[in-house]
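Structural description and commentary
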Amino acid sequence: MAERADDRLVRLLGIVSYLDGAGGVPVEELASRFGVTTRQIVEDVDALWVSGTPGYWPDDLIDFDADSLERGVVRLTEARGMTRPLYRPPLRQAA
């Protein structure tokens, strides 16, 4: 069964947010955390590498350390401000 686009989008943004706070993370660990294969993580990083903020010039794109990725570690070097949590639980009303 094909993956839903909204599920992948949530994962892609989650990966950026997670890596921003975690530093370099082994591909296997990232795959386990997000419940996908290591191949899917590499494909996700490839998709993120050409994503970014409007303008889409090289300085506008999300970036990773290519040397680290060749060694099996995903290290985010530029998040382009996409590090905000995707979900915040609603505030509880005082009883």
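Shown above is the structure to which this text applies.
This text gives an overview of the structure that appears in the document. (Residues numbered from 1 in each chain as written. Predicted model: local features only at pLDDT ≥ 70, side-chain atom pairs only at ≥ 80, totals over all residues. Heavy atoms only, no water.)

**Things to note about the packing of helix H2 (residues 27–34) against helix H3 (residues 38–49)**
Contact geometry of H2 with H3 gives a least axis separation of 8 Å together with a crossing angle of 95°. Viewed along their axes, H2 and H3 adopt a mutual orientation that is roughly perpendicular. In this structure, H2 uses Val27, Glu28, Leu30 and Ala31 to contact H3, whose residues at the interface are Thr38, Ile41 and Val42. By residue class, the composition of the contact of H2 with H3 is five nonpolar, one polar and one charged. (Axes fitted to C-alpha atoms, helices over the stretch in contact; angles between N-to-C directions. Helix = DSSP H or I, 4+ residues; strand = E, 2+ residues; numbered from the N terminus. Parallel < 35°, antiparallel > 145°, perpendicular 65-115°, else oblique. Contact = heavy atoms within 4.5 Å. Nonpolar A, V, L, I, M, F, W, Y, C, P; charged D, E, K, R; others polar.)

**Things to note about the nonpolar core**
Ranked by internal contacts, the top residues of the largest apolar core, which has 17 residues, are Leu19, Leu30, Ile41, Leu48, Phe64, Val74 and Leu76. Contributing elements (two or more residues each) for this core: helix H1 (5–22), H2 and H3. If we skip the residues at most four places from it in the chain, Leu19 touches Val25, Leu30, Phe64, Val74 and Leu76. (Core = buried A, V, L, I, M, F, W, Y, C linked by side-chain atoms within 4.5 Å. Buried < 20%, exposed > 50% of the residue type's maximum accessible area, 1.4 Å probe, protein only.)

**Some details on the packing of aromatic side chains**
With the rule as written, the count across this model stands at two aromatic pairs. Aromatic pair Tyr18 and Phe34: ring centres 6.2 Å apart, planes at 80°, arrangement edge-to-face. Remark: Phe34 occurs in helix H2 and Tyr18 occurs in helix H1; sequence separation between them is 16 residues. Seen in terms of ring centroids, Trp49 and Phe64 are 5.5 Å apart; in terms of plane orientation they differ by 70°. Their pairing is edge-to-face. (Phe/Tyr/Trp six-rings, centres within 6.5 Å; stacked < 30°, edge-to-face > 60°.)

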